[in-house]
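# Coordinate inspection notes
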Amino acid sequence: VSPPIVNFQSPAVNNSDCNSPNGQISITASGGSGSGFTYAWTGPGGFTSTSEDISGLAGGNYTVIVSDNGSVCTTTFGPVTITDPSPLTFNVSTTTPSICDGSTGNVTLSNSEDAGVTYEIYKDGSPTGITLTGTSAALSFVIPAAQLAAPGTYTFTIRAVRGLCTPAFMNGSA
């Protein structure tokens with residue numbers, strides 16, 4: 001008995017809604033012993049399914065093991081990548097490249113998406129808790145003096161999150 005052959009029924013459907021994921025993968029298994037197949041899907045966040053076709057998918061990589069019910073033959077198919085929409089990436093800059101002790105700093109994002117996206121400042125790779133909600137316009141973050149208390153050089157980046165979508169870091173740093 002030969003292993004099952006797995007084919008896409010149609011291309012994967014990418015997720016278009018991060019609050020209610022709707023990605024889809026449809027496959028067809030053929031060949032094998034003729035006794036049918038079982039399916040064992042895995043994906044991001046501990047996702048599992050035993051269905052032939054899967055839906056309601058968030059972004060990430062999905063793999064299926066198709067087993068022939070009449071033999072010990074299996075075929076692994078994937079990973080199949082489902083992508084998430086946005087957040088779009090914009091440019092980060094600063095108007096305060098150097099500051100005096102006790103002063104605040106400013107980091108600017110060249111544009112933002114709507115109120116469904118939250119933007120957070122990261123300092124040297126760690127979250128600061130400083131957030132702004134998207135306004136469909138540029139955003140200006142004020143960095144409190146307490147974040148800048150120790151003399152030195154800091155790197156500020158901005159991370160965007162929309163619902164359950166994969167977060168995205170913006171272009172550049174300040």
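Before any of the text, the structure's been laid out above.
Residues numbered from 1 in each chain as written. Predicted model: local features only at pLDDT ≥ 70, side-chain atom pairs only at ≥ 80, totals over all residues. Heavy atoms only, no water.

## Regarding the packing of aromatic side chains
- For the coordinates displayed, the defined rule picks out 3 aromatic pairs.
- Ring centres of Tyr122 and Phe169 lie 5.1 Å apart, and the angle between their planes is 80°; on these two criteria the pair is classed as edge-to-face. Within this pair, whereas Tyr122 is found in strand β11 (residues 117-123), its partner Phe169 is found in strand β15 (residues 168-169), the two being separated by 47 residues in sequence.
- Judged by its relative accessible area of 9%, Tyr122 falls in the buried class.
- Here Phe169 falls in the partly exposed class, since its relative accessible area comes to 43%.
- Geometrically, the ring pair formed by Tyr154 and Phe156 is tilted, given 6.2 Å between the ring centres and 50° between the ring planes.
- A relative accessible area of 7% places Phe156 in the buried class. (Phe/Tyr/Trp six-rings, centres within 6.5 Å; stacked < 30°, edge-to-face > 60°. Helix = DSSP H or I, 4+ residues; strand = E, 2+ residues; numbered from the N terminus. Buried < 20%, exposed > 50% of the residue type's maximum accessible area, 1.4 Å probe, protein only.)

## Brief notes about the sheet that holds strand β12 (residues 126-133)
- The sheet built from 4 strands is open, its strands ordered β12-β11-β14-β15 with antiparallel pairing. Taken across any chain shown, the strands that pair with only one partner, and hence form the sheet edges, are β12 and β15. (Pairing = 2+ DSSP bridges.)

## Concerning the pattern of salt bridges
- In this structure the tally under the stated criterion is 2 salt bridges.
- The partner of Arg162 in a salt bridge is Glu113, and the shortest N-O contact between them spans 3.1 Å. Here Arg162, found in strand β14 (residues 156-162), pairs with Glu113, found in the loop between β10 (105-109) and β11; they are 49 residues apart in sequence, far enough to count as distant. The same class applies to Arg162 and to Glu113, which are both buried. (Salt bridge = Lys/Arg side-chain N within 4 Å of Asp/Glu carboxyl O.)

## Looking at the layout of surface pockets
- Taken as a whole, the largest pocket spans an internal volume of roughly 340 Å³.
- Lining the largest pocket we find 20 residues, and of these Pro97, Ile99, Leu148, Gly152 and Tyr154 sit closest to its centre.
- The leading source of residues in the lining of the largest pocket is β10, at 3 residues.
- Grouping the amino acids of the lining of the largest pocket by side-chain chemistry returns 12 nonpolar, 7 polar and 1 charged. (1 Å grid on protein atoms, 1.4 Å probe; cavity = no way out; pocket = protein on both sides within 12 Å on 5 of 7 lines; lining within 4 Å. Points joined across faces, edges and corners; volume = space filled by probe spheres on them. Nonpolar A, V, L, I, M, F, W, Y, C, P; charged D, E, K, R; others polar.)

## Some thoughts on the environment of Asn61
- You can see Asn61 is positioned in strand β7 (residues 60-68).
- It is 17 Å that separates the C-alpha atoms of Asn61 and Asn7, two residues lying 54 residues apart in sequence.
- When near neighbours in sequence (up to four residues on either side) are disregarded, Asn61 contacts Thr42, Gly43, Pro44, Pro79, Val80 and Thr81.
- Within the structure, the side chain of Asn61 is placed 2.5 Å from the side chain of Thr81, a separation counted as a polar contact. (Contact = heavy atoms within 4.5 Å. Polar contact = N/O pair within 3.5 Å; in protein donor to acceptor, adjacent residues only side chain to side chain.)

## Details of the pairing of β10
- Only one face of β10 is covered, namely the face carrying Gly105, Val107 and Leu109; the face carrying Asn106 and Thr108 is uncovered.
- Bridge count between strand β9 (residues 92-94) and β10: 3 bridges; the pairing is antiparallel. If you follow Ser93 over to β10, its bridge partner there is Thr108.

## A word on the sheet that holds β9
- Ordered in space as β9-β10-β13, the 3 strands form an open sheet in which the pairing is antiparallel. Unpaired on one side and paired on the other, β9 and β13 (139-143) mark the two borders of the sheet. In this sheet, adjacent strand axes meet at a mean angle of 25° when their direction is disregarded. (Axes fitted to C-alpha atoms, helices over the stretch in contact; angles between N-to-C directions.)

## A word on the pairing of β7
- Here strand β4 (residues 37-42) runs beside β7; their pairing, made up of 6 bridges, is antiparallel. Looking across to β7, one finds that Tyr39 is bridged to Val66.
- When β7 meets strand β8 (residues 74-82), the two strands line up antiparallel, connected through 7 bridges. The partner of Val66 across the bridge, within β8, is Thr75.

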